[in-house]
Amino acid sequence: YSSQNESHSQRSSSVQGGEGFLRDVLESMQEVYLKRNPTAKAVLDLVQSVDNDKLCYDHLAFRTFGVNGYGIDSLAGFFLDYGYTQRGELKFPQKKLRALWFSPPADSTSGTGSGMNGPLLPRIFISELLVDQMSPQTQEIIKKYTESAGNGNKYGALASSLGHLTWGKPLYSEFQQLASESEYAAWTLVNGHALNHVTISTHWLKTHLRDIKKLNQFLEESGFRLNSEGGVLKVSPDGLLQQSSTVADSVSFQFSGGITESVPCSYIEFAERLVLPQYENLLHTEVKEFHRRDGFEVASADKIFESTSKGQVSRVGS
Ligand code: OOG
Ligand code: NI
C-alpha cells in the first residue's frame, strides 16, 4: 500500500491501478456536479444524514450531440477502456434521441467509501441527439460549435471532470433557437459533457427510505420538487424498475455577446431495482445487484429527460 493513499483522504480511492484512476475521474465529475447543483448536494447530504453515509450509485448519465464524432462515442471510449461493457440501446424517436448503456467491469473491487468510491461502480447511460433530424438552422449552430472545437470530442471525460466545455460559449440567441426545437439540444450546448445526473440506488439504503415511494414522500415533505412528468414514480411494465428524479437546478450562464441568463443544469435521480422473480426466495442478506432487475426502460427514460425541461424547472408548487 502506498502511503500516498492514506494521506490523500478527500480524493480517496484506495484501489490501485486502472480502477483507482477511473474512480478518481468519476469523483472529479461529481465535484463539478455538486458545486453547480445545490439541490443535488442537499439531497445527497439529507439522505446520508438519515440513512447511510455510504451510498450506492445506480448509474451516471451524460448527453451528447450525435455529429462530428461528438456523439455517444465521445464519452463511451473512456468507459470501455476502463472495463465497462456496452449493453442495450434505447430509442426516443419523438425526442430525436438515442442512448446506450454500459455495465461496470465485472472484476471491480468493492469500494470502501460512498458514491463513486462506493461498493458498486455505477452503470453509465449516454444519450445523443440525432442532429441530422434537426432543422437546418439548429444543425448549423450545433455544427458551428462542434466543428470549431477541433478534436475536443476525444476528450469528453476530461472536459466532464474539469467542468469545461470543449467548444466556445454560444450566443443567447443560438441557445434560444435550439431550445425552441429541442430542450435537450439547448441543455447540451451550455452543459457539454457535464454529468447530467447521478442516481442513488435506493434498494441499498438501510432505513425505510429504501422503498422509493417513501423516499419520494420524504423528499417532497422536505421541500424538494420532484419531476412530475407522467407521475412522480416511473415504473417499468414488469414493475421491477422504479425511478424518480428532482427537477434540475438552474445556473446563471454567461453567453458570448455579454448576455447572462439562467439555464437548466443537472438533477439527481433515484432508482429501486426489485429482485427478479426467479430469486425471490433468497434471503435479503444474500441478494446481490445481479439478482435484481437490470437495464433501463424507454418509457420511463422519456419522462426522466423532462427533469431539465422548462415545464418542470419553472413549475411552481407541486
Ligand atoms: C437521461 C434520462 C433517462 C434514465 O435513468 O432512464 C434516464 C437524461 O436526462 O439525460 O436517466
Ligand atoms: Ni437516469
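Scope of this entry: the structure provided in the associated data block. (Residues numbered from 1 in each chain as written. Chains lettered and ligands numbered in written order. Predicted model: local features only at pLDDT ≥ 70, side-chain atom pairs only at ≥ 80, totals over all residues.)

## Some details on unusual backbone geometry
Positive phi, close to 50°, is recorded for N68, a residue that is not glycine. The partly exposed category is assigned to N68, around which 16 C-beta atoms lie within 10 Å. The residue K96 is not glycine, and still its phi comes out positive at about 60°. Locating K96 in the fold gives a position in the loop between strand 2 (85-92) and strand 3 (97-103). (Buried ≥ 20, exposed ≤ 12 C-beta atoms within 10 Å, placed from the backbone. Helix = DSSP H or I, 4+ residues; strand = E, 2+ residues; numbered from the N terminus.)

## Notes on the pairing of strand 10 (residues 267-273)
Sheet faces and side chains relate simply in a regular strand, where the side chains alternate between the two faces. Most of strand 10 is tucked away: 7 of the 7 residues are buried. Of the two faces of strand 10, both are covered, the one formed by Y267, E269, A271 and R273 as well as the one formed by I268, F270 and E272. Relative to strand 10, strand 5 (residues 197-201) runs parallel, the two sharing 5 bridges. Residue pairing in the sheet places V198 in a bridge with I268 of strand 10. For strand 7 (residues 241-245) and strand 10, the ladder comprises 5 bridges, and the chain directions are antiparallel. By the bridge assignment for strand 10, S245 is matched with E269. (Pairing = 2+ DSSP bridges.)

## Here's the deal with the environment of Q133
Within the fold, Q133 resides in the loop between strand 4 (123-129) and helix 5 (136-148). Residues Q133 and F78 lie 55 residues apart in sequence; the distance between their C-alpha atoms is 27 Å.

## Some thoughts on the pairing of strand 4
Along strand 4, 7 of the 7 residues are buried, which leaves the element largely enclosed by surrounding structure. The two faces of strand 4 match: R123, F125, S127 and L129 on one face and I124, I126 and E128 on the other face are all buried. Inspection of the sheet shows strand 1 (residues 57-65) paired to strand 4 by 7 bridges, in the parallel sense. Pairing of T64 across the sheet is with E128, part of strand 4. Sheet analysis places strand 3 next to strand 4, joined by 6 bridges and oriented antiparallel. Looking at strand 4, one finds that R98 is bridged to E128.

## Brief notes about the packing of helix 5 against helix 7 (residues 172-181)
In the contact formed by helix 5 and helix 7, the axes pass within 10 Å of each other and the chain directions differ by 130°. The orientation of helix 5 with respect to helix 7, classified from their angle, is oblique. In this structure, the crossing between helix 5 and helix 7 has a hand that is left-handed. In this structure, helix 5 uses Q137, T138 and I141 to contact helix 7, whose residues at the interface are E174, Q177, L178 and E181. The residue inventory of the contact of helix 5 with helix 7, partitioned by class, reads 2 nonpolar, 3 polar and 2 charged. (Axes fitted to C-alpha atoms, helices over the stretch in contact; angles between N-to-C directions. Parallel < 35°, antiparallel > 145°, perpendicular 65-115°, else oblique. Left-handed = near helix turned anticlockwise from the far one by under 90°. Contact = placed C-beta atoms within 7 Å. Nonpolar A, V, L, I, M, F, W, Y, C, P; charged D, E, K, R; others polar.)

## Quick look at the site of ligand 1
Taken together, 13 residues surround ligand 1, and among them A61, N196, A301, I304 and F305 come closest. Elements supplying a minimum of two residues to the shell around ligand 1: strand 1, strand 4 and helix 10 (298-304). Among the elements that take part in the shell around ligand 1, helix 10 stands out by supplying 3 residues, more than any other. Counted by class, the shell around ligand 1 contains 6 nonpolar, 5 polar and 2 charged residues. (Near = placed C-beta within 6 Å.)

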